[in-house]
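# An overview of the molecular structure
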Amino acid sequence: SFSELPTVKPDAAFTLLAAYKTDTSSNKVDLCPGFYRDENGRPWILSSVIQAKERIHADPKVNHEHLPLAGHTELLRQSKELVFGKEDRDLKRVASIQTVSGTGANHLAALFLSTKLNPKTVWFPNLGWINHTAIWKLAGSHVQQRFYPYFNGENQIIDFDAMVEVLREAQKGDVIVLHACAHNPTGVDLSKEQWNTLATICKNTGLFPVFDLAYQGLASGDVRQDASAISDFFDRGNLEFVVAQSYSKNFGLYGERIGILHIAALDVTAAAKITPALTQLSRAEITSCPSYGARIISQILGDLKLYDQWLEDLATMHNRMKTMRESLYHGLLVRKVRGSWDHILTDTGMFSMTGLSTTQVTAMKEKHHIYLLPSGRISVTGLTTRNIDHVVTALEDILGT
Ligand code: PMP
């Protein structure tokens, strides 16, 4: 009977969120969220999204039919252009399908690659998004999982030499999962030169890259810059790869579950075969995708005024995170809190590693009502001008000077 089922540990991040919600302290601070929070620590609806919604709602007769099996046709075209930085006519060798957000894009990629490419191993960064391994365990259970060195916690940089060394063990057809920008949880990305070296390794070894693109526009503030590794891989013309794109963060549409899976093939004939294969898998799982988020984003990407507003919205989010990084850095410096903190300024996106141990993370919660992930990751979107002093004081207390 089901009473014999093994007990499943609850999800760490969502458990912390629940604990934070029930914490009655007026000083509580949530530094866990993988969601953008505004200056008051609240969810933020982008102005471009509000305007797009007004346009959609202006016609109450908009029906609720299924989207086509591959997704919102116009959005698929717009998304390709946004990710690859070229016009649709130059992107004929890219096959794209709408997915249930970034998680769904990763899932469909794992399902497709594990059966059609038949990799022996999938490689993940030694610190990464924990759901990647869970997704591959579910959708590609016969594929062995290994980790490549990425982040060196001692000096807060990428250990690229070690990464390259370990990847020598990769075999033709193995898959490598990469964060295109704003690496979660470290906030440290490969340089242009390192991406180039990696592209050559992928070509020479036959290693198949999967780019996870969950923060386009939120790493550097520039949508093109944040997808530059993808455009560079594409421009080589001799690499097949996947992009699992999420629109959760850069449009603040977390609950609408909107994402796209792109597969860059070597030629148009291959791309034409990939699309129906993906559609077949997706049909068996979800038939068609949610439509509301797709309509909103398509409105914005298809209208110059709304598009400009979206770029402004991205700048608002990016600038607030940058200001919070600066405030945290200066606070830690002024109080001489033990540790080296320069990386807080140079890390990209929402996250940084503090180097706090799990015991210190627990103490931050129990003594100061400040919530961090057990890994010591903070999300700078949880910081506001009102709580920053409390956070710095708590770090001073826990880490010393
Ligand atoms: N990839 C990474 C690296 C992420 O951080 C996230 C969100 N935490 C996702 C993918 C997927 O998010 P969603 O399913 O909400 O698009």
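Residues numbered from 1 in each chain as written. Predicted model: local features only at pLDDT ≥ 70, side-chain atom pairs only at ≥ 80, totals over all residues.

A tally of helices and strands in the chain yields 15 helices and 13 strands. Over its C-alpha trace the chain gives a radius of gyration of 21 Å, about what one expects of a compact globule, namely 21 Å for 401 residues. Expressed as a percentage of the 401 residues in the chain, the buried residues total 45%. Taking the intrachain contacts of the chain between residues at least 6 apart in sequence as the baseline, contacts between residues at least 24 apart amount to 76%. (Helix = DSSP H or I, 4+ residues; strand = E, 2+ residues; numbered from the N terminus. Rg over C-alpha atoms; globule rule 2.2 N^0.38 Å. Buried ≥ 20, exposed ≤ 12 C-beta atoms within 10 Å, placed from the backbone. Contact = placed C-beta atoms within 7 Å.)

Every buried residue belonging to helix H5 (residues 130–139) is among His132, Ile135, Trp136 and Ala139, and all of these are buried. One side of H5 holds all its buried residues, which, seen down the axis, span an arc of 95°. Packed against the buried residues of H5 are helix H4 (101–116), strand S3 (121–125), strand S4 (144–148) and strand S7 (175–179). (Arc of directions from axis to C-beta.)

What follows concerns the pairing of S3. Side-chain direction in a regular strand flips from residue to residue, so the side chains alternate between the two faces of the sheet. Burial analysis of S3 places four of its five residues in the buried class, the great majority of the element. The sheet contact formed by S3 and S4 spans five bridges and is parallel. Pairing of proline 125 across the sheet is with tyrosine 148, part of S4. After leaving S3, the chain enters H5 and then returns to the sheet as S4, a path that is right-handed. As defined by bridge partners, S3 adjoins S7 across two bridges and the pair is classed as parallel. Directly across from tryptophan 123, in S7, lies its bridge partner isoleucine 176. (Pairing = 2+ DSSP bridges. Right-handed = clockwise from strand over helix to strand, strands pointing away.)

The peptide bond linking asparagine 184 to proline 185 adopts the cis configuration, its omega dihedral lying at 20°. Mapped onto the elements, proline 185 comes out in the loop between S7 and helix H7 (192–205). In this structure, serine 101 is a non-glycine residue whose phi angle is positive, near 60°. Unusually for a residue other than glycine, histidine 369 sits at a positive phi of about 60°. Positionally, histidine 369 belongs in the loop between helix H14 (358–368) and strand S12 (370–371). Among the residues examined, histidine 369 registers 18 C-beta atoms within 10 Å and is labelled partly exposed.

What follows deals with the site of the ligand. Neighbouring the ligand are 13 residues; Ser101, Gly102, Thr103, Ser246 and Ser248 lie closest to it. If you tally residues by element for the shell around the ligand, the top one is H4, at three residues. (Near = placed C-beta within 6 Å.)

Interfaces are frequently sized by the accessible area removed from exposure as the parts join. The domains assigned to the chain are domain 1 (11–44 + 319–399) and domain 2 (73–302). Put simply, the middle of domain 1 and the middle of domain 2, counted by C-alpha atoms, are 28 Å apart. Contacts between domain 1 and domain 2 engage 14 residues on the former and 17 residues on the latter. Residue contributions to the side of domain 1 that touches domain 2 peak at three residues, all from strand S11 (residues 351–353). When its residues are assigned to classes, the side of domain 1 that touches domain 2 shows six nonpolar, six polar and two charged. (Domains from an automatic or database assignment. Nonpolar A, V, L, I, M, F, W, Y, C, P; charged D, E, K, R; others polar.)

Let us look at the sheet that holds S3. Spatial strand order, S2-S10-S9-S8-S7-S3-S4: seven strands in an open sheet with mixed pairing. Among the strands making up the open sheet, the edge pair consists of strand S2 (94–100) and S4. Between one strand axis and the next, the sheet turns through 20° on average, direction left out of account. (Axes fitted to C-alpha atoms, helices over the stretch in contact; angles between N-to-C directions.)

A few words now on the confidence of the model for the chain. Looking at the chain, the pLDDT average stands at 96 and 100% of residues meet or exceed 70. Of the two predicted TM-score estimates for the complex, the pTM is 0.96 and the ipTM is 0.99. (pLDDT = per-residue confidence, 0-100.)

Its 16 residues place the ends of H4 22 Å apart at the C-alpha level, agreeing with the 22 Å of an ideal helix rising 1.5 Å per residue. Burial within H4 is extensive, with 13 of its 16 residues counted as buried. Looking one or two residues beyond H4, the residue adopting positive phi is asparagine 118, at roughly 55°. (Expected span 1.5 Å × (residues − 1).)

Checked against the element boundaries, alanine 105 lands in helix H4. Distance from alanine 105 to serine 298, taken between C-alpha atoms, is 18 Å for residues 193 residues apart in sequence. Contacts of alanine 105, omitting those with residues within four sequence positions, involve Thr99, Ala244, Gln245, Ser246, Gly259, Ile260 and Leu261.

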